[in-house]
Amino acid sequence: MTQQVAHSSQAQSPQPDDRSLPILPVRDTVLFPHAVLPLTVGRESSVQLINSLGEDKTIVVIAQREARVDAPQPADLYAVGTLAVVHKVVKMPNQSLFVFAEGLERVRVTEFSQLTPFMRARIETVPEAIPAKSSELEALQRNVLTLFQQIVAGSPTLSDELSTVAMNIEEAGRLVDFIASSLPSLSTADKQDTLETTDVRIRLEKINSHLARELEVQQLRNKIQSEVQDRVQQTQREYYLREQMKAIQKELGEQDEGARDTEELRQKIENAGMPDEVKKEALKELGRLSRMSPMAADYSVTRNYIEWLAVLPWAKTSGVEVDIPKAKEILDTDHYDLKKVKDRILDYLSVRRLKPSMKGPILCFVGPPGVGKTSLGKSIARALGRKFVRLSLGGVHDEAEIRGHRRTYIGALPGQIIQGIRRAETKDPVFMLDEIDKVGRDFRGDPGSALLEALDPEQNATFRDNYLDVTFDLSKVLFITTANMLDPIPEPLRDRMEIIELQGYTEEEKVHIAFQYLIPRQIEENGITKEQIEFPEESVSYVIRHYTREAGVRNLERNIGTICRKQTRRIAEGKTEKLVVTNEIIQEFLGGIKIRSEGEIAERTKRSGVVVGLAWTPSGGDILFVEASRMKGKGGFTITGQIQDVMRESMQAAHSWVRSNAQELGIDEDFFANHDIHVHVPAGAIPKDGPSAGVTIVTALVSLLTNRPVRPLTAMTGEITLSGNVLPIGGVKEKVLAAKRAGVRDVILPAENKTNVEEDLTKEQLENLQIHYVKTISEVLELALPSNRSEERIDEAEREKVLSEQPVS
């Protein structure tokens, strides 16, 4: 490399200088040869150095490696610096000096001769390796010059004179030094590297790459600045145009769109009939809106809020005069029976007619699925001549669904109650809250607690939605809630509602409902006419008895719909004759018999130890078989069939009563010590609980141990005590109707439940049923078990008759 440089360059050997020259350390600055640099000298040692200069103003300027070092030592300085001459020194008010120094040539420090009060050192000149002139070198030099001129032209901080000065420099080495000293973006380390590079070609290449990078950064910065400026100009332009448009519209006497919107909203607020407090709040928000720019973030939020306030029916009512006989006619047309509910609605209408300002009641319809709770709400609305709004609460977990979100949330809306009122467009609709027993609660709040305010006649006149944050009067709304069970409803909420129970239907009622509502609806929905299909009453009863076991009529309607669809298909296939639905047709269309109620009871009670009990379920009542079995053992008592705690205790009480009365019942007292007894309640997958199966379990045990089968088609329910008394139970109507659906003829009930039977069940519902009221277990056993062989033979004959009519496969 040395030979090559020597061959291609005008190489000069280092020339030592025997003089010891003062060293001026500088921070973040590199002085290049032929450049004049203003330096601020503030360090005490440096001030002493400048002040000590006599006629000879020559010094050596060297950059520090680390700018933070205040008292640099030789090791803190670069080895290569610039020999310079001080032209002018200006004293500053703060005792520092302002020095103008001109660089002469590159020098290298060889030896420090003094360190205090300032550094002095011997130096040697660092010669430049000047390459021979070539077209390649000239091209590189021109490229460097062009890049520098482009950077100067595009930079707002660099003077245009720099381009002129650079153009007049012919020597490549001096050009590089000038450019390096003029570029503010070049770091101290890069400038020092340029100073230490003696080969002019290499210096050109390095500065070329620096300039190329700087030009790219500068172009990118200019592009970003231009885009920002364009956006600002566009915004300013739009603002000026908008202001001009406002001025023009003002001159023409026209309103701009914003002012027109504001005026429309003001008109809506005036016409809404708001209370004074609400109107004041609405006008206050409207004033804020009129001062806002449509581009403001809060503009749409405030506008939506005002629109919600303006569209709510603050003073609008149905205004229909209620005709009591007509309302009764509508209720009777839409729903069969349900006398209690209809009476309550007609009572409400009568009171409202005499006192129009009365508060709306809050009714709760409780009953099994499919008995018409939801459709009854629509019927009530029609009878009252009011709008109907339905809100399903099944699975609602969030309190904000009821009471709304605060306006600070993005996309906030009022709760479902206020939204329902808006849809109804009147302040007194019939508002149905469906499935109130299925409201959930989690970390988002408890919707049930949020309903407390809405469903309290004393509080809902001042219902406050979180979004509106003003009071709204719900006292004129007729709230109707529906539930399958009362247990999941919180006690405070239950206390606010008037509970009306809707029990399941009997077979006769279902037949009536089928002919009045279900069959006409299914005929119409399946595209056929009354002339093309006929349902005899016996056929409908057959479907009810053998294909459905439910409190309501949903499955019945489904099966009727299936039969109608089969007839539709027959017609489509070309068989146009009228179809009379017989039992055989039903079995062909719906498959084999699904439920054999009477036959099943008669068949299963043939052996001793099997008794039919009655149970209450959310979907109505049902029958329950209790089976007892005995085996050799050591007095064990086993209970199975997913029996819960209360029913388990009831079984233990029954077992104890039978053991304590073994002698009177004709059971050997040693029997319990030598035998195990197992009581099982079938349908093992279903949990069972409650005390009402007490009499059933006692009867099953006595039947088993005395080997007397229970009378056929007999069912019972009642709680027992250890002293042998029979206590009242709940769900009487559901249990009695379940017994009737299952084909039971004799029902044994506690005597204290006689009132429930007389109040809740009609003569039609009790038709073909014999109700026996008992006070003690002894009375139950007399009714349920045959007392002699003659009675057993009568029971067997009756059982065989039932089985012959309804054989069990």
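Above this note sits the structure.
Residues numbered from 1 in each chain as written. Predicted model: local features only at pLDDT ≥ 70, side-chain atom pairs only at ≥ 80, totals over all residues. Heavy atoms only, no water.

Caption draft 1: Structural detail: the packing of aromatic side chains. What the rule picks out here adds up to eight aromatic pairs. Relative to Phe100, the ring of Phe98 lies with its centre 5.2 Å away and its plane at 85°, an arrangement referred to as edge-to-face. Residue class for Phe98 comes out partly exposed when judged on its relative accessible area of 27%. Measuring from ring centre to ring centre gives 5.8 Å for Phe671 and Phe672, while their planes differ by 85°; the resulting arrangement is edge-to-face. Assigned by exposure class, Phe671 and Phe672 land together as buried. When the ring centre of Tyr305 is taken as reference, the NZ or CZ atom of Arg407 above it lies at 3.7 Å. Across from the ring centre of Trp308, 4.4 Å away, lies the NZ or CZ of Arg422, which sits over that ring. (Phe/Tyr/Trp six-rings, centres within 6.5 Å; stacked < 30°, edge-to-face > 60°. Buried < 20%, exposed > 50% of the residue type's maximum accessible area, 1.4 Å probe, protein only. Lys NZ or Arg CZ within 6 Å of the ring centre and 35° of its normal.)

Caption draft 2: Seen up close, the pattern of salt bridges. If you walk through the whole model with that rule in mind, you get 35 salt bridges. With a shortest N-O distance of 2.9 Å, Asp434 and Arg390 are connected by a salt bridge. Within this pair, whereas Asp434 is found in strand β9 (residues 430-434), its partner Arg390 is found in strand β8 (residues 388-392), the two being separated by 44 residues in sequence. Given a relative accessible area of 2%, Asp434 falls into the buried group. For Arg494, the salt bridge is made with Glu491, and the minimal N-O distance between the two is 3.6 Å. With Arg494 and Glu491 both in helix α17 (residues 491-495) and three residues apart, the pair spans about one turn of that helix. A relative accessible area of 24% places Arg494 in the partly exposed class. Within this structure, Arg106, Glu128, Asp177 and Arg203 form a network of salt bridges that share partners. (Salt bridge = Lys/Arg side-chain N within 4 Å of Asp/Glu carboxyl O. Helix = DSSP H or I, 4+ residues; strand = E, 2+ residues; numbered from the N terminus.)

Caption draft 3: Structural view of helix α5 (residues 172-182). Most of α5 sits out of view: nine of its 11 residues are buried. Along α5, the positions that sit buried rather than exposed are Ala172, Gly173, Leu175, Val176, Asp177, Phe178, Ile179, Ala180 and Ser182.

Caption draft 4: Structural detail: the pairing of strand β7 (residues 362-366). β7 sits mainly inside the fold: five of its five residues count as buried. Where β7 and strand β12 (residues 478-483) come together, five bridges link them in parallel fashion. Each residue of the ladder has a partner; that of Ile362, found in β12, is Phe479. Where β7 lies against strand β13 (residues 498-501), four bridges are found, and the strand directions are parallel. (Pairing = 2+ DSSP bridges.)

Caption draft 5: Here's a closer look at the nonpolar core. Formed by 53 residues in total, the largest nonpolar core has its most connected members in Leu349, Phe365, Ile380, Ile533, Phe535 and Ile563. In terms of residue count, helix α18 (residues 507-525) provides more of this core than any other element does, seven residues in total. Look past the residues within four positions of Ile380 in its chain and what remains in contact with it is Leu331, Ile345, Phe365, Leu478 and Ile480. Within the second largest apolar cluster, 49 residues are counted, among which are Leu312, Ile362, Ala412 and Leu486. (Core = buried A, V, L, I, M, F, W, Y, C linked by side-chain atoms within 4.5 Å. Contact = heavy atoms within 4.5 Å.)

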